[in-house]
Structure formats: C-alpha cells, structure tokens
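Read off the chains here:
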Amino acid sequence: MKKIFIDGISKKLIKKIALRDLSRRVKKMGDAINGNTDVFTGIQPYNETAITSMLLSFSESQAAYAVGGLLKRNDFFKAKKALYSCLFSFIPYVNKLANGDKVILDLSTLPLLSDEDDYAQLIADGAIAKKITGKQGKNPREIITNCASFGLEVGYMVIISEGMPLPEGFYVGNDGTIKTPFGARFIVNCLGGRTKTFYDLLPKTEYFIYYVLTYSALAGIISKGVSVVTSV
C-alpha cells in the first residue's frame, strides 16, 4: 500500500537558513504565529516576549563577537543555537495543528517538506558535481580537491586517476561498486564532505580529479575530470 504524503515543516530546510537571514526568519515566524492565535491555538513553544529576548541576545552577542573575536565566540554560538532550537521547537506544534493543511503551514512562514529537493531523484537522473577544483596542498605531493555544494546530506565520492584520464570501461554503479579495466591507477576517497585531501602522491605527475554525487545508498555518474600536477 502506497504511503500517503502529508506535508509538514522541514527541519532540513530550517538547518539551511543562512546566518544572515536567521534573525529575520525567527522574527517573521514569531510575528506570524504569536500574532495569530485564532489559527495557532493552544500553548505555543515560545511566546512573543521569549522570542524578542532571544533575538536581542543574538544581535548583541553577534556584535560583541565581531569586535571581541574568540573571547566572545561562545556567547555568539550559544545565541545562534538558541534561535535554531526555537525554530525546531515549532515543528511538532505546527505539524500537529495543521495536519497537512497547506494554508496553516504557509501561515507559519516556515519551510515545508514539499519544498525539499528530491536529491535521490536528481542524482538518479544524472546530476553531476559542478565547479570541481584541484590544488596543491601545503605538503609536497599533496592535492586538495573541492566542488560546489549540491545539497544537504549529499555525499561526495572523489576519484583521482594517476597519469592519465580514467580509461574507457571505468564504471561506478548506482550502488557505488567500481568496475575498472586492468592497469588503471586510481585512488578513491568517500569520507567526509566535499573537500578531500590526497597525500604521498607521485612527484611531478598529472592527476585527473572526478566527483560522484552520492545520497544514502545511491551513487550518481562520474563528472568531467579536472587535472592538476603534483609538486616535486
């Protein structure tokens, strides 16, 4: 039996709210929900006074951090975390009240599950990593690679091919299995985020960098290669 989709607030997209927009989004949500008790009934996670206090604390700590540097960092991080936690706390409240009602969900001003990108489908349809770069690291024969962010929770498999582009017949299956022709020399790194560091490579050797987007147990197709030559 097919599961029925019920829209709701997206924690994933709340996490993606940029720092420069955080205060504005919290205030907008507070004004919308605290100020409309005809729709948003019952006990709300935070009232107008509490939200105003958190916003003031964030603003003051951010200004102090800009001037005081590391000595004021912890206060700023604490205030920032409090604002995100405030947004998170309204997820179950709004979801229970709305029960999928698009009008109520939109009135909350919070991002919705239906607004999330279907990363698995995009990758399965052939999306590839963009803006791939490779540069020398601080240590000899070290390469640091990077690419543009594709989305939250998306993984990045990086393949570097030694001395030549990946040969014809090199293949990455959608389950991440690699098939390679005999004699191909390559290194794979699937750990961590977009930035990968490769150590102890051959000196003065051209390496070709490829990215494969991954999501959960799904692997995408191989990107175009970008080359970089190692140091002495």
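Residues numbered from 1 in each chain as written. Predicted model: local features only at pLDDT ≥ 70, side-chain atom pairs only at ≥ 80, totals over all residues. Heavy atoms only, no water.

This part covers the overall build of the protein. Scanning the protein from N- to C-terminus turns up six helices and ten strands. For 232 residues, the compact-globule estimate of 2.2 N^0.38 gives 17 Å, and the C-alpha radius of gyration of the protein, at 23 Å, exceeds that figure by more than 25%. Each of the three principal axes of the protein carries a C-alpha extent, and together these read 70 × 60 × 20 Å. When each of the 232 residues of the protein is scored for burial, the buried share is 37%. Roughly 13900 Å² of accessible area belongs to the protein as shown, and the carbon and sulfur atoms make up 55% of that amount. Taking the average place of the 29 positive charges on the side chains of the protein and the average place of its 21 negative ones, the gap between the two points comes to 6 Å. (Helix = DSSP H or I, 4+ residues; strand = E, 2+ residues; numbered from the N terminus. Rg over C-alpha atoms; globule rule 2.2 N^0.38 Å. Buried < 20%, exposed > 50% of the residue type's maximum accessible area, 1.4 Å probe, protein only. Areas by Shrake-Rupley, 256 points an atom, 1.4 Å probe, with all protein chains shown as cover. Lys, Arg positive; Asp, Glu negative; His and termini not counted. Charge placed at Lys NZ, Arg CZ, Asp CG, Glu CD.)

Spatially, three strands are ordered S1-S2-S7 in an open sheet, and the strand pairing comes out antiparallel. Both edges of this open sheet fall to strand S1 (133–136) and strand S7 (196–198), since each of them pairs with a single strand only. The sheet shows a mean angle of 25° between the axes of neighbouring strands, direction not considered. (Pairing = 2+ DSSP bridges. Axes fitted to C-alpha atoms, helices over the stretch in contact; angles between N-to-C directions.)

It is worth spelling out the pattern of salt bridges at this point. Counted by the stated rule, this structure contains six salt bridges. With a shortest N-O distance of 2.9 Å, lysine 102 and aspartate 106 are connected by a salt bridge. You can see lysine 102 and its partner aspartate 106 sitting in helix H5 (residues 102–107), four residues apart, about one turn around the helix. Taking the shortest distance from any N to any O, the salt bridge between glutamate 162 and arginine 185 comes out at 2.6 Å. Of this pair, glutamate 162 sits in strand S3 (residues 155–162) while arginine 185 sits in the loop between strand S5 (178–179) and strand S6 (186–189), and the two are 23 residues apart along the sequence. For glutamate 162, a relative accessible area of 17% translates into the label buried. On the accessibility criterion, arginine 185 (52% relative accessible area) is exposed. Through salt bridges that share partners, Lys12, Glu116 and Glu153 make up one connected network. (Salt bridge = Lys/Arg side-chain N within 4 Å of Asp/Glu carboxyl O.)

Another point: the environment of isoleucine 51. With respect to the secondary-structure elements, isoleucine 51 resides in helix H3 (residues 48–68). Spatially, the C-alpha atoms of isoleucine 51 and valine 26 are 7.8 Å apart, while their sequence positions differ by 25 residues. Each residue touching isoleucine 51, except ones within four places of it in the same chain, is listed here: Val26, Met29, Gly30, Asn34, Tyr46, Cys86 and Phe90. (Contact = heavy atoms within 4.5 Å.)

This part covers helix H4 (residues 73–98). In this model, H4 (26 residues) spans 38 Å end to end at C-alpha, consistent with the 38 Å of a helix rising 1.5 Å per residue. The largest bend along H4 reaches roughly 25° and is located at isoleucine 91, with the proline proline 92 sitting one to four residues downstream. The set of residues buried in H4 consists of Phe76, Ala79, Leu83, Tyr84, Cys86, Leu87, Phe90, Ile91, Tyr93, Val94 and Ala98. Tucked into the core, H4 has its buried residues touching helix H1 (11–15), helix H2 (19–34), H3 and H5. With its phi angle positive at about 50°, asparagine 99 sits one or two positions after the end of H4. (Expected span 1.5 Å × (residues − 1). Bend = angle between axes of the 7 residues up to and from the residue.)

What follows concerns H2. Here H2 contains 16 residues, and its C-alpha end-to-end distance of 23 Å stays within 8% of the 22 Å for a straight helix at 1.5 Å per residue. Inspection of H2 places Leu22, Arg25, Val26, Met29, Gly30, Ala32, Ile33 and Asn34 among the buried residues, and these make up the whole buried set. What you see down the axis of H2 is that its buried residues fit within an arc of 165°, all on one side. Each element contacted by the buried residues of H2 is listed here: H3, H4 and H5. (Arc of directions from axis to C-beta.)

A positive phi is found at asparagine 99, a non-glycine position, where the angle reads about 50°. Taking the relative accessible area as the measure of exposure, asparagine 99 reaches 59% and is therefore exposed. With phi around 55°, serine 216 is a residue other than glycine that occupies positive phi space. Note on placement: serine 216 falls in the loop between strand S8 (206–215) and strand S9 (218–222). The exposure class of serine 216 is exposed, given its relative accessible area of 75%.

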